[in-house]
There are 2 protein chains.
Amino acid sequence: MGNVTIKDVANETGLSIATVSYAINGKKNLPPETVQKVQEAIKRLGYIKNYSASSLVSNTSHLIGVVIPQTEPGSAMVFENPFYSQILSSIEYHARLRGYHVIVSGTNADEKYFNLASQRNLDGVIVIGAYSEDFFNGLPSESIPVVLVDSYLQKDGYSQVKLDDVQGGYLATSYLLEHGHEKIGFLSGRRKEGGVSLNRYNGYEKAMNEAGKKIVNEWVMTCNVGFEAARKITRKIMGGLDITAVFCTADIMAVGVIRELNSMGIRVPEDISVMGFDNLNIANYCTPSLTTVGQDIFEKGKQAVEMLYKHLAEEEEKGIRKLSGGECILPLEIIERESVCRINA
Amino acid sequence: MGNVTIKDVANETGLSIATVSYAINGKKNLPPETVQKVQEAIKRLGYIKNYSASSLVSNTSHLIGVVIPQTEPGSAMVFENPFYSQILSSIEYHARLRGYHVIVSGTNADEKYFNLASQRNLDGVIVIGAYSEDFFNGLPSESIPVVLVDSYLQKDGYSQVKLDDVQGGYLATSYLLEHGHEKIGFLSGRRKEGGVSLNRYNGYEKAMNEAGKKIVNEWVMTCNVGFEAARKITRKIMGGLDITAVFCTADIMAVGVIRELNSMGIRVPEDISVMGFDNLNIANYCTPSLTTVGQDIFEKGKQAVEMLYKHLAEEEEKGIRKLSGGECILPLEIIERESVCRINA
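Residues numbered from 1 in each chain as written. Chains lettered and ligands numbered in written order. Predicted model: local features only at pLDDT ≥ 70, side-chain atom pairs only at ≥ 80, totals over all residues. Heavy atoms only, no water.

S.K.: Any details on the side chain of B:His179? Residues and values, ideally.
M.R.: Tracing the backbone through its elements, the reader meets B:His179 in the loop between helix H8 (165-178) and strand E6 (184-188). When near neighbours in sequence (up to four residues on either side) are disregarded, B:His179 contacts B:Glu336, B:Val340, B:Cys341, B:Arg342 and B:Ile343. (Helix = DSSP H or I, 4+ residues; strand = E, 2+ residues; numbered from the N terminus. Contact = heavy atoms within 4.5 Å.)

S.K.: Lay out the domain arrangement of chain A in plain terms, naming residues and giving numbers.
M.R.: A common way to report how large an interface is uses the accessible area buried once the components associate. Residue and element names in this part refer to chain A. By the assigned domains, chain A splits into domain 1 (6-49), domain 2 (63-163 + 298-330) and domain 3 (165-294). Counting residues at the interface gives ten residues for domain 2 and 16 residues for domain 3. The junction of domain 2 with domain 3 conceals about 1000 Å² of combined surface from both sides, 55% of it contributed by carbon and sulfur atoms. When the buried area of domain 2 at its contact with domain 3 is split by residue, Glu-80, Tyr-152 and Leu-163 rank highest and sum to 44% of it. There are zero salt bridges connecting domain 2 and domain 3. Summed over the shared surface of domain 2 and domain 3, the result is three residue pairs in polar contact (both at pLDDT 80 or more). By residue number, the principal contributor to the side of domain 2 that touches domain 3 is helix H5 (residues 82-97), which donates three residues. (Domains from an automatic or database assignment. Buried area = accessible area lost by both parts, 1.4 Å probe. Salt bridge = Lys/Arg side-chain N within 4 Å of Asp/Glu carboxyl O. Polar contact = N/O pair within 3.5 Å; in protein donor to acceptor, adjacent residues only side chain to side chain.)

S.K.: If you had to explain the side chain of B:Asp278 to someone new, which residues and values would you point to?
M.R.: Residue and element names in this part refer to chain B. In this fold, Asp-278 is placed in strand E9 (residues 273-278). The side chain of Asp-278 sits in the buried core without any salt bridge; Arg-200 is the nearest counter-charge, 4.6 Å away. In contact with Asp-278, not counting residues within four places along its chain, are Phe-83, Ala-250, Asp-251, Thr-292, Val-293, Gly-294, Gln-295 and Ile-297. (Buried < 20%, exposed > 50% of the residue type's maximum accessible area, 1.4 Å probe, protein only. Lys, Arg positive; Asp, Glu negative; His and termini not counted.)

S.K.: Tell me about the environment of B:His179, and please be specific about residues and values.
M.R.: All names here are of chain B. By relative accessible area, His-179 is classed as buried at 10%. In the structure, His-179 is positioned 162 residues away from Cys-341 in sequence and 6.8 Å away in space, judged by C-alpha atoms. Of note is the side chain of His-179, whose polar atom sits 2.8 Å from the backbone oxygen of Tyr-175.

S.K.: Got a sec to walk through the sheet that holds strand E12 (residues 333-335) of chain B? Specific residues and values, please.
M.R.: Residues and elements named next belong to chain B. On the basis of which strands lie adjacent, the open sheet formed by six strands has the order E7-E6-E8-E9-E10-E12 and mixed pairing. Of all the strands in the sheet, just strand E7 (220-222) and E12 have a single pairing partner and so form its edges. Averaged over all adjacent pairs, the angle separating strand axes in this sheet is 20°, with direction ignored. In terms of strand pairing, E6 meets E7 through three bridges, oriented parallel. Directly across from Leu-187, in E7, lies its bridge partner Met-221. (Pairing = 2+ DSSP bridges. Axes fitted to C-alpha atoms, helices over the stretch in contact; angles between N-to-C directions.)

S.K.: Outline the pairing of strand E9 (residues 273-278) of chain A, listing residues and values.
M.R.: Residues and elements named next belong to chain A. The buried fraction of E9 amounts to six of the six residues, a majority that puts the element mostly inside the structure. The pairing of strand E8 (residues 245-248) with E9 spans three bridges and is classified as parallel. Among the inter-strand pairings, Phe-247 is bridged to a residue of E9, identified as Met-275. The β-α-β motif built from E8, the intervening helix H11 (residues 251-264) and the parallel element E9 has right-handed crossover chirality. As paired strands, E9 and strand E10 (residues 291-294) are joined by four bridges and run parallel to one another. Considered in E10, the bridge of Phe-277 is made with Val-293. (Right-handed = clockwise from strand over helix to strand, strands pointing away.)

S.K.: Before we move on, could you go through the packing of helix H10 (residues 227-236) of chain A against H11(A) and cite the residues and values that matter?
M.R.: All names here are of chain A. As a packed pair, H10 and H11 sit with axes 7 Å apart at the nearest point and diverge in direction by 45°. Between H10 and H11, the angle is such that the two are oblique. Judged by the twist between their axes, the crossing of H10 over H11 is right-handed. In contact with Phe-227, Ala-230, Arg-231, Thr-234 and Arg-235 of H10, H11 contributes Ile-252, Met-253, Val-255, Gly-256, Val-257, Arg-259, Glu-260, Leu-261, Ser-263 and Met-264. Within the contact of H10 with H11, the residues separate by chemical class into eight nonpolar, three polar and four charged. (Parallel < 35°, antiparallel > 145°, perpendicular 65-115°, else oblique. Left-handed = near helix turned anticlockwise from the far one by under 90°. Nonpolar A, V, L, I, M, F, W, Y, C, P; charged D, E, K, R; others polar.)

S.K.: Would you mind going over the nonpolar core in detail, with residue names and values included?
M.R.: Judged by nonpolar contacts, the single largest core of 152 residues is most densely connected at A:Leu187, A:Val274, B:Leu187 and B:Val274. Discounting chain neighbours no more than four positions away, the residues touching A:Leu187 are A:Met221, A:Thr222, A:Cys223, A:Ala230, A:Ile233, A:Met238, A:Val246, A:Phe247, A:Cys248, A:Thr249, A:Met253 and A:Val257. In this structure, A:Leu63, B:Val67, B:Tyr113 and B:Ala117 belong to the second largest nonpolar core, which totals 34 residues. (Core = buried A, V, L, I, M, F, W, Y, C linked by side-chain atoms within 4.5 Å.)

Laid out in structure tokens, this is it:
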């Protein structure tokens, strides 16, 4: 079955190889009856398109690369945070609807992603998260469309799908302020340039400033974006802080904080209110369930694919491989559950 | 950079194209100095192997397909259950170490996976979970090595990585019996032939029988393997059952059961003990934390890749594409946390 070639389809239909190729790849406006003739022959003969051969001829592979951060260089992908698996699930689904397959990879510290993109002749790349300047220098952005998810890197030709993270931090903090909290802690991953943590911090600071509340240095805490790291910092520091609420910039951290406060006998939300960010499935798994800043991760994955697809279609039309850039900012909303309560200031 | 060809490397080194190709693909025993010469030229010229071209010539693509179940046909992959993202993370990591890339996909209801495997010239396929007979008939097992993870399907040439699920069900139930429980519920997904649920049920039944305990029909419950489905069946049925413990065949279900019992004011473990299966990260996220039957998911993903790799190496050596089959059964152990307590029968 796998050995039927495009030539066999041409013989079967009496059409030229070029015409059959156009019909298969939808490249030219052929009469509908011609396309139907080819499709019927394909079905009858069991012809299967070979992407390796097709890739060499047309310079498209119908492959999209998705880059997921690693816990540390050369290690496994950071799927401990369900954000990544939820968005990958959406990307794979929407790519499939568009006829693309997805190569997923953590990046190798000792190999530029450029190599993978060239080796596989990827049609496009979706990069999730913030990486070092070095990594982006290794991306073949001039020849392949790149969509960045949750990165503030400004680079010619890169498209971006992200949130208004300043607004997100502002929303969360305002919600806590409205519930009477004034001593509000902040827990995030490293606040690096171009990353979401710094922007969410800026939103927190803005809300506190506008409300005339002072931020005490020790209230601003940093640890790895993970469950165990959040437990540890809670045990070591947070339990002893004079705060009534804490805003965690990732649900995975907030769930760790709640778990540890439970273990320490500190009641959530009566003693400390906890606010998350993401609205992952796990926000429902903990007791109390997590009040959080909700983003639509399924939509985020969809938009990343659609931006890529739009560029690929434009390229095809104009015969060039140059990306116009573009930005898609998705909305945020507070999801109220049980982990925040009102207090009298 | 991407346009340097193998011919350029040959010109640069003064070697034949065939020799350069052997050096790049490690096919023949060349003198070390020849290999080094080629490697230096590759570095100097910036040659990047093109897998599309290489795939057509050598009939290997260094691509592995990973099939993940979908929530329903034509929908997104079931990453709600973190088991899948944890094993995918391990598969991608170990494949990367072996120089393979991973195409991940939910299967399309209207397209046989055979097509993807042929189109992409996949070197091997790892299938996670149990699928319909139809799906497996569509797998090109005669030409491509297939490793099944968690499937009891017996088919010539398929390799398998799995658990002793009967033993797993037996372990869990025995643990509960040892803690004084006699009225033990059982909650799983659909117990279909060839799937893990049926085997875990058989282990539960065996332990109950050996202990001389009767299983009441209503104690055996079935719902989708998900958090919300488990909550729903807990609210509808479990709260009203005369049981002191329940064994859930997946942590994602057990976490849903605990969450709902918490909401209903039924204390875990004092009123009902809850036992899971998998030892996912989320077993720590709920309060109380989940006592469970632990499997090593990272090792499971590693073994799946290693079995595939072993076959590919054998094929290469013997020049044939025939799989010898084989089986790898990973160990299980009870992970004690807080969700099971001792009672006086």
